[in-house]
Amino acid sequence: MATHAGIGVNSVAVDRGRLVVVITGGIASGKSAVSRQFEQLGMCVHDADLIARELVAPGQPALLDITRVFGSDAITATGELDRKYMRERVFANPQLRHELEAILHPGVRDELHARVRRDATAYSILAIPLLVESAHDYDWINRVLVIDVPESLQIERLLQRDGVTVELAQQILAAQASRSARLARADDVIENTGTLEELNAAVEQLHQRYLTLVSH
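Quantities reported herein were computed from a predicted structural model and do not represent experimental measurements.

Draft legend 1. Fine view of the UniProt feature "binding site: ATP" (unreviewed entry) in the protein chain. In the UniProt entry, the feature "binding site: ATP" (unreviewed entry) is given for A28, S29, G30, K31, S32 and A33. Checking the named residues against the largest pocket, the ones that line it are A28, S29, G30, K31 and S32. Within the element layout of this structure, A28 appears in the loop between strand 2 (20-25) and helix 1 (31-40). With relative accessibility at 8%, the residue A28 sits in the buried group. Setting aside residues no more than four positions away along its own chain, A28 makes contact with V149, Q154, R157, L158 and R161. Relative to the elements of secondary structure, K31 occurs in helix 1. Overall, the relative accessible area of 15% leaves K31 in the buried class. Discounting residues that sit within four places of it in the chain, K31 has contacts with I23, T24, G25, G26, P129 and I147. Within the structure, the side chain of K31 is placed 2.9 Å from the backbone oxygen of G26, a separation counted as a polar contact.

Draft legend 2. Region of the structure containing the packing of aromatic side chains. In total, this model carries three aromatic pairs according to the counting rule given. A centroid spacing of 5.7 Å and a plane angle of 55° characterise the contact between Y138 and W140, whose relative ring orientation is tilted. Taking the relative accessible area as the measure of exposure, Y138 reaches 4% and is therefore buried. Cluster of aromatic residues (ring-pair linked, three or more members): F38, Y123 and Y210.

Draft legend 3. Examining the layout of surface pockets more closely. Estimates place the volume of the largest pocket at around 1600 Å³. If you go around the largest pocket, you meet 45 residues; those closest to its centre are I27, D49, R53, F91 and P129. Broken down by secondary-structure element, the contributors of at least two residues to the lining of the largest pocket are helix 1, strand 3 (45-47), helix 2 (48-55), helix 4 (83-90), helix 5 (94-118), helix 6 (151-162) and helix 7 (166-175). Sort the elements by how many residues they give to the lining of the largest pocket and helix 5 lands first, with seven residues. Broken down by class, the residue content of the lining of the largest pocket amounts to 21 nonpolar, ten polar and 14 charged. Residue contributions to the lining of the largest pocket reach at least three from each of two domains, namely domain 1 (19-44 + 122-215) and domain 2 (52-118).

What counts, and where the lines are drawn
Residues numbered from 1 in each chain as written. Predicted model: local features only at pLDDT ≥ 70, side-chain atom pairs only at ≥ 80, totals over all residues. Heavy atoms only, no water. UniProt positions renumbered as here; feature names shortened; annotations may be inferred. 1 Å grid on protein atoms, 1.4 Å probe; cavity = no way out; pocket = protein on both sides within 12 Å on 5 of 7 lines; lining within 4 Å. Helix = DSSP H or I, 4+ residues; strand = E, 2+ residues; numbered from the N terminus. Buried < 20%, exposed > 50% of the residue type's maximum accessible area, 1.4 Å probe, protein only. Contact = heavy atoms within 4.5 Å. Polar contact = N/O pair within 3.5 Å; in protein donor to acceptor, adjacent residues only side chain to side chain. Phe/Tyr/Trp six-rings, centres within 6.5 Å; stacked < 30°, edge-to-face > 60°. Points joined across faces, edges and corners; volume = space filled by probe spheres on them. Nonpolar A, V, L, I, M, F, W, Y, C, P; charged D, E, K, R; others polar. Domains from an automatic or database assignment.

Written out as structure tokens, the structure reads:
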């Protein structure tokens with residue numbers, strides 16, 4: 001397990017000059033584990049994926065927009081979004097993926113911004129898996145923490161965790177920003193190839209660094 005950190009803080013800040021840190025990384029890199037550890041340290045993590053789930057709850061306008069674009073097959077018999085169906089469709093068709101992102105991303109971005117403005121913690125943490133793909137929408141963040149793993153390990157974890165085929169796992173990775181593109185955007189990096197204990201220690205080290213940045 002290794003942690004790398006830059007020394008500066010970007011000049012653009014959100015309201016009240018808050019430090020805003022974004023956790024990002026490819027699928028199955030360990031972002032959720034990192035988020036949980038920050039929460040154990042007393043921080044509140046605002047998760048883009050959880051907000052997106054709220055936006056597609058039954059009766060929400062975004063779900064109606066998805067039905068209009070993808071048809072009734074996108075909805076289960078109980079009126080919920082069929083996530084398995086959507087995953088297979090959007091990762092096989094870049095145009096459909098862009099249409100889905102156009103439906104969801106503005107609402108997710110606005111809600112994240114609103115939650116940062118209400119945040120009472122020492123600094124704000126956002127979990128945004130697709131930050132690099134939509135970085136122009138987040139020019140108010142200060143610092144990017146990339147959770148990095150080799151692509152071979154991502155595929156291995158996807159097969160074990162989600163039971164997907166190797167083909168679908170490769171399609172998912174191909175649809176996301178490259179590993180090099182994420183690392184180029186990073187201010188801080190955690191290489192998540194070790195144990196959970198090592199991961200938690202790396203998070204605590206960064207937490208202390210962020211507290212120091214806030215106090216200066």
